[in-house]
Amino acid sequence: MSVSNEEHLTLLISKIVQDIQKLPIYSQLQKAARFEVSKPSLKLNDLKQGVKTALSNAGWEKKLRNEVYKCVQKNATIPQPLIPVEHYKEPLVYMRKAQVNWEKRILKSLNSMCTELNIPLAKKRPEREQRDLLGRWTELGQELPVDLSKFRPVYAPKDFLEVLAGVKNPNCTFADAPSFQHFWGVVQVPLKIKNIHELRLQYSEMSINQCQAGVDDCSFIPQELFESERSKLAKKVIAHNHGPVAQEFAKKGCNTSHRAEIWSQILGVTVDEIDRLYYEQLKHYFLQHDLLVDALIFKDVKLTASNDDQYFVFEDYIYQVLLPFSRDTHVLEHFANLSATPAKSYIRGKLGINEFAVNYPPNGVIPFHGFSMYVAPLCFIYNDVVKLYYVFREMYTRYFCRLHCISSHPQGIVSLCLLFESLLQCYEPQLFAHLKSVGAQPLKMAFKWLIRAFSGYLSSDQVLLLWDRILAYGSMELLPVLAYAIFSFRKNNLIQVQSYAAAEAVLADLTTLNVIPIIQLCLFAK
């Protein structure tokens, strides 16, 4: 049973009020209001307006607006009455089944590793080891606390793509598909995706006739003048301290020197002493208990970020983010809006008894091969590891979590894959047909870009320019747009290849690309 827009708005407001009441700002506002009421200068007949004016002048109105904005971002959709929770999280039954089966496969892989290596999922560290790790906290990469040679990633992007390729709607035939060209690609599910005209409308502020950060040849004004004006505007935006304003500013990209503050405002991240204490508590949890996922994190960083010329210097920073992250139960809240469910484990000797089931790991997220690359580009922006942690946590729970979850959500990996294949088939049909004929399905090459949001494939400055727009537009649809643009940009070389290996070689190095001009050309010049 659906509800009207007015009823939906009422439900949304109610949910936001409930969320605000759970936040520290609610008690802080009450305390500030009581202080204003106690002032002898405040007249009884002007009590309400007087308190509101005083709180507004003290900056509380802006703080409250930012918290409301953050809650709206997280509650874009809310459960409706009489609709089961699982249907709200994912309305399509076959998608729910596919996600459940995928989660079982991941858990089986994890348990098999435990059995093969004869190690538990979790164990308490000896006090000596705790002291040793605490002393080496900022340089864990120099001497790892575990032998990584016997560990393997739970799954890689190619394993996930194989699963996505097998997802089918049992009630849909070829003729029923809303866009027949999907069925020439790898992913074969009929989901509604945007066409290029809708994308042009959505990203109109990235059009060729508008200057952008990340484009060196703006023909309207000198580049130096544009950068100077953007810098002045950025300072005003930061001083205004309002999330929606920062988000609007980021649509044309952020200056390197102001990106940290702009992103923090968009994501609603402010770090106070309580946040720092919470981070220290998470760090203490890592020191206390050794989890199997710790080895997976160490292994992943060694295989990816440590082998990357751009990110190897941030190896220790990445550990200081991901190891506490695995213990952060706050992350579990994002599962309320996700088709995925956190993995469960049982206390020893209590297998199958629900009362003794616990989330494993505590944040419910099992890292895959390449997971650490979600953190690596952020290390260029934040030198405070605690601020870095909270920004990463917010970006993951808002955006990146959907890149490795099977769902019909418009920002989910399935929809993004369909959008990529649809654009390439519609606007480069000859290239798509040729690659398919030589056994080089385009998505098989582009998928690793999508699932890692291009981190580790583009140069770091280009990744950040791309992520500027993801935050600004609140959408990851630029990922498949860019993937399509890269294929189109290298069409002349790709059309000549005769094998998958040759096609991969053409697309092996993306570090020379400037992403914003390529996106502009493919969106607005065709």
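It should be noted that the structure appears before, not after, this text.
1. Looking at the overall build of the protein
Line of reasoning, step 1. Along the backbone of the protein there are 24 helices and 4 strands.
Line of reasoning, step 2. Burial status across the protein gives 51% buried among its 526 residues.
Line of reasoning, step 3. Long-range pairs, those at least 24 residues apart, make up 77% of the contacts in the protein between residues at least 6 apart in sequence.
Line of reasoning, step 4. About 25,000 Å² of surface is accessible on the protein, with carbon and sulfur atoms providing 55% of the total.

2. Observations concerning the packing of aromatic side chains
Line of reasoning, step 1. Taken as a whole and judged by the stated rule, the model has 26 aromatic pairs.
Line of reasoning, step 2. Centroid distance phenylalanine 314 to phenylalanine 380: 4.9 Å. Interplanar angle 80°. Geometry classified as edge-to-face. Of the two residues, phenylalanine 314 is situated in the loop between helix H14 (292–303) and helix H15 (315–325) and phenylalanine 380 in the loop between strand E4 (357–359) and helix H16 (385–398); the sequence distance between them amounts to 66 residues.
Line of reasoning, step 3. Clustering of aromatic rings is evident, with ring pairs tying together Trp102, Tyr155, Phe160, Phe325, Phe368, Phe371, Tyr374, Phe392, Tyr396, Phe400, Phe447 and Trp467.
Line of reasoning, step 4. The ring of phenylalanine 286 is capped by arginine 125, whose NZ or CZ atom sits 4.6 Å from the centre of that ring.
Line of reasoning, step 5. A cation over a ring is seen here: arginine 230 above phenylalanine 249, with NZ or CZ 3.9 Å from the ring centre.

3. As for the nonpolar core
Line of reasoning, step 1. Counting residues in hydrophobic clusters, the biggest one holds 156 residues, and the most contacted among them are Trp263 and Phe487.
Line of reasoning, step 2. Apart from residues no more than four positions distant in its own chain, tryptophan 263 is found in contact with Cys254, Leu378, Ile381, Tyr382, Met395, Leu464, Trp467, Asp468 and Leu471.
Line of reasoning, step 3. Judged by nonpolar contacts, the second largest core, of 6 residues, contains Ile25, Ala32, Val51 and Trp60.

4. Thoughts on unusual backbone geometry
Line of reasoning, step 1. For the peptide bond that leads from tyrosine 360 to proline 361, omega is -10°, which places it in the cis range.
Line of reasoning, step 2. By the secondary structure assignment, proline 361 is in the loop between E4 and H16.
Line of reasoning, step 3. Despite not being glycine, alanine 453 shows a phi value in the positive range, around 55°.
Line of reasoning, step 4. Mapped onto the fold, alanine 453 is located in the loop between helix H19 (442–451) and helix H20 (460–473).
Line of reasoning, step 5. Even without being glycine, phenylalanine 454 reaches a positive phi, approximately 70°.
Line of reasoning, step 6. Tracing the sequence through the fold places phenylalanine 454 in the loop between H19 and H20.
Line of reasoning, step 7. A relative accessible area of 0% means that phenylalanine 454 is categorised as buried.

5. A look at a nonpolar patch on the surface
Line of reasoning, step 1. Among the surface-exposed residues, Leu64, Val68 and Val72 lie close enough to one another that they form a single nonpolar patch of about 170 Å² accessible area.
Line of reasoning, step 2. Among the secondary structure elements, leucine 64 is positioned in helix H4 (residues 60–74).

Rules behind the numbers
Residues numbered from 1 in each chain as written. Predicted model: local features only at pLDDT ≥ 70, side-chain atom pairs only at ≥ 80, totals over all residues. Heavy atoms only, no water. Helix = DSSP H or I, 4+ residues; strand = E, 2+ residues; numbered from the N terminus. Buried < 20%, exposed > 50% of the residue type's maximum accessible area, 1.4 Å probe, protein only. Contact = heavy atoms within 4.5 Å. Areas by Shrake-Rupley, 256 points an atom, 1.4 Å probe, with all protein chains shown as cover. Phe/Tyr/Trp six-rings, centres within 6.5 Å; stacked < 30°, edge-to-face > 60°. Lys NZ or Arg CZ within 6 Å of the ring centre and 35° of its normal. Core = buried A, V, L, I, M, F, W, Y, C linked by side-chain atoms within 4.5 Å. Patch = residues over 30% accessible without salt bridge, like charges linked within 9 Å, V, L, I, M, F, W, Y side chains within 5 Å. Salt bridge = Lys/Arg side-chain N within 4 Å of Asp/Glu carboxyl O.

These values are about where atoms sit, not about what they do.
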